[in-house]
Amino acid sequence: MADIIQLLPDHVANQIAAGEVVQRPASVVKELLENAIDAKAETIKLLVKDAGKTLVQVIDDGVGMSITDARLSFERHATSKIRSAEDLFQLNTKGFRGEALASIAAIAHVELKTKQAQDEVGTTITIEGSEIVDQDVVVTPTGTSIAVKHLFFNIPARRNFLKSNTVETRHIIDEFQRVALAHPSISFVMYHNGSEVFNLPQSNYRQRIVNIFGPKTNEKLVPVNEDTDVLKISGFVGKPEYAKKSRGEQFFFVNHRFIKSAYLNHAITAAFEGLIKEGTHASYFLNLEVNPQTIDINIHPTKTEIKFDDEHTLYAILRASVKHSLGQFNIAPVLDFEHDANLDTPYDYSNKSASTPTIEVDRTFNPFNSERSTPSRPSTPSSYSGRKDTPTASWESLYVGMESKGTKSKNDFSEIQFESVESTASLFEDSQIASKQATYQLQNKYVLSTIKSGMLVIDQNRAHQRILYEDFLKYITGKDTVSQQLLFPLQIQLSKQEHDIVLNLKSDLEYAGFVFQNIEAHMVEIIGLPINVPESEVSIILEQLISDVEHEVPDANFSAADLLAKSLSKSLAIKSGQSLTQTEQDHLVNSLFACKDPNVSPNNKPTFITMTVDELDKKFM
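All values derive from a computational prediction rather than experimental measurement.

### Quick word on the overall build of the chain
If you tally the helices and strands in the chain, you get 17 helices and 22 strands. Here the chain holds 621 residues, and the buried ones make up 41% of them. Counting only contacts in the chain whose residues sit at least 6 apart along the sequence, the fraction spanning at least 24 positions is 67%. For the chain, the exposed area adds up to about 36900 Å²; of that, 51% sits on carbon and sulfur atoms.

Right under this line is the structure:
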């Protein structure tokens, strides 16, 4: 039988490897930024066009490469970071696999320009699909510039699977923020389609967080610092009152490398237990420094997953450190939270002995006497009262005039009728009254109603979502909504990324009933709201909307109006556990079946189920 196993060509192997390393334009951004950091750059510029589909370029002022290194850098498993397998446990660099540039060059057009400080001229290399098209000398500043153009040009299927420019840009910004937060001592600049998105100068960690997420973030941060033999923690956590429903502002960095860890995230959640509402998530920006020999980062090509030798110890230290910081800065309630400082004894009275107060009693006092004896008071100016006592009528005068001519005496109450409080209802009458009730609420979650064939069980939250969804969709598409004006403008602080999302949805939000007076870089000012949106819920609604936009996976038929209607209906719908009156239950049922599609919620989940009499009969067999 003929041999069937063959060795794949290098360009095919590179395309296969690229499927793991380069998943989207944001992956290219991450790899190129990390290479620039490993090159000891002090200033890094990122240029992006069309969400990275047309161009991703990173320019740095690092050490640069020689002619040989520039050519060899695009070979598979060619790296300057490690020399042997033992070096994997002493990693102090971002990259070490030697696959990134080879994978990128296999699926894109790459142009490299690099020069070392001691050289007069640099080197330029142009590669298209792993094939070197041109190599020459070039005049270029010290450092490296890599431009990746036409990503996935030779893999159309992968390019078609990319999301919309809005979604891909969000992923690029996420990667940029993660790298920039991990290295505040490096200056970062980002441009998208020619406009500046971020300009982050060299700063400390707190300033870098504020520069990325807005000036109002500064007042939300609580410092966390802990230094042990096992783990060194530095960074900040957000105050409990600023907890959000989304997980957008949660960052773990291990040895200046961004990671994702559900186990360590649970330690933060445990530290905030009892301080934040259920369903909300605290913000944190924490740097963890551990011995490189105690971690393994060679698990996945993206290097965002790490294995620790002793996770339980790290969990305990992290939880205790965050809890200690919250208590140290009076964020968490103290043990004696009932203590009132106003009841403390003043220092002037601390050495004085207590004296028994004197009590004076008027033993001749009688409230039914018309003439009251006044207790003797000392004739001192301090005890003089300017009130003049006037004789009051006796209690019998309250009944004067009750008798009239031709009636009996005033003490005869035989003909006066009193309201009876005796209960005359019976069990049979109660059952008749209850049978007239059309709907019932079960566990403050379901609304039960009878139909001709049996019983109807409605999920009140999903049903109300369907009702609000169709109402909002009608307002947005019909553009005839009504707004309620606010007496005072409402100002909401936003990060740069959140500001861009609100700006893109501004027209749809205005059709839904929102009226904006001003939209600045980190703040939005609202002067009008939809008629059924309470002012106290606006920040929660916008936060939910931004989270939905960020986590939505839209297709080619993506509609911002549809997403907005879904998000608003989810935020404003009646929650499970909320008690409804009889009128509210009836209105919910009637409004649901007045909808165009009452069977499912906006997220295509059933809003009600029916149970026939035959099905009920089978339960009793």
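### Some points on helix 6 (residues 165–182)
With 18 residues, helix 6 extends 26 Å between its outermost C-alpha atoms, agreeing within 8% with the 26 Å of an ideal straight helix rising 1.5 Å per residue. Counted residue by residue, helix 6 has 15 buried out of 18 residues, so it is predominantly covered.

### As for the pattern of salt bridges
Counted by the stated rule, this structure contains 11 salt bridges. In this structure, R170 engages D174 in a salt bridge whose closest nitrogen and oxygen atoms are separated by 3.6 Å. Taken together, the residues R170 and D174, both in helix 6 and four residues apart, mark about one turn of the helix. Accessibility classification places R170 together with D174 in one group, the buried group. In this structure, E510 and K506 form a salt bridge, with 2.6 Å as the shortest nitrogen-oxygen distance. With E510 and K506 both in helix 13 (residues 506–512), this residue pair falls four residues apart, about one helical turn. Linked through salt bridges whose partners overlap, the residues forming this network are E111, K113 and K149.

### Quick look at the sheet that holds strand 19 (residues 483–493)
Taken in spatial order, the three strands make up an open sheet running 19-21-20, and their pairing is antiparallel. The sheet is open, and its two edges are formed by strand 19 and strand 20 (515–519), each paired on a single side. When strand polarity is set aside, the average angle formed by the axes of neighbouring strands in this sheet is 15 degrees. Two strands pair when backbone bridges link them, and strand 20 and strand 21 (residues 523–530) are joined in this way by four bridges, in the antiparallel orientation. Bridge pairing in strand 21 places N518 opposite E525.

### A short note on the side chain of S569
Relative to the helices and strands, S569 resides in helix 15 (residues 560–572). Looking at S569, the relative accessible area reads 0%, which means it is buried. Among the polar contacts listed, one links the side chain of S569 to the backbone oxygen of A565, at a separation of 3.0 Å. There is a polar contact of 2.8 Å between the side chain of S569 and the backbone oxygen of K566. Aside from chain neighbours lying at most four places away, what touches S569 is Q465, L468, Y469, F472 and P602.

### Some thoughts on the nonpolar core
Grouped together as the largest cluster of nonpolar side chains are 56 residues, with contacts concentrated most on L32, I44, L46, V148 and F188. Excluding residues that lie within four positions of it along the chain, F188 makes contacts with I37, I44, F176, V179, A180, H183, F198, N199, L200 and R208. By size, the runner-up hydrophobic cluster in this structure holds 33 residues, among which are Y469, V533, A561 and L572.

### Thoughts on the packing of aromatic side chains
The final tally for this structure, using the stated rule, is 13 aromatic pairs. Seen in terms of ring centroids, F176 and F198 are 5.5 Å apart; in terms of plane orientation they differ by 25 degrees. Their pairing is stacked. Note that F176 is positioned in helix 6 and F198 in strand 8 (residues 195–200), a separation of 22 residues in sequence. Just as F176 is buried, F198 falls in that class too. Among the aromatic residues, those joined into a ring-pair cluster are F213, F251, F253, F258 and F285.

### Some words on the sheet that holds strand 22 (residues 608–612)
Reading across the sheet, the four strands line up as 16-17-18-22 and stay open at both edges, with antiparallel pairing between neighbours. Only two strands of the sheet have a single neighbouring strand rather than two, namely strand 16 (439–442) and strand 22. Between one strand axis and the next, the sheet turns by 25 degrees as a mean value, whatever way the strands run. As defined by bridge partners, strand 18 (residues 454–459) adjoins strand 22 across five bridges and the pair is classed as antiparallel.

Parameters at a glance
- Residues numbered from 1 in each chain as written.
- Predicted model: local features only at pLDDT ≥ 70, side-chain atom pairs only at ≥ 80, totals over all residues.
- Heavy atoms only, no water.
- Helix = DSSP H or I, 4+ residues; strand = E, 2+ residues; numbered from the N terminus.
- Buried < 20%, exposed > 50% of the residue type's maximum accessible area, 1.4 Å probe, protein only.
- Contact = heavy atoms within 4.5 Å.
- Areas by Shrake-Rupley, 256 points an atom, 1.4 Å probe, with all protein chains shown as cover.
- Expected span 1.5 Å × (residues − 1).
- Salt bridge = Lys/Arg side-chain N within 4 Å of Asp/Glu carboxyl O.
- Pairing = 2+ DSSP bridges.
- Axes fitted to C-alpha atoms, helices over the stretch in contact; angles between N-to-C directions.
- Polar contact = N/O pair within 3.5 Å; in protein donor to acceptor, adjacent residues only side chain to side chain.
- Core = buried A, V, L, I, M, F, W, Y, C linked by side-chain atoms within 4.5 Å.
- Phe/Tyr/Trp six-rings, centres within 6.5 Å; stacked < 30°, edge-to-face > 60°.

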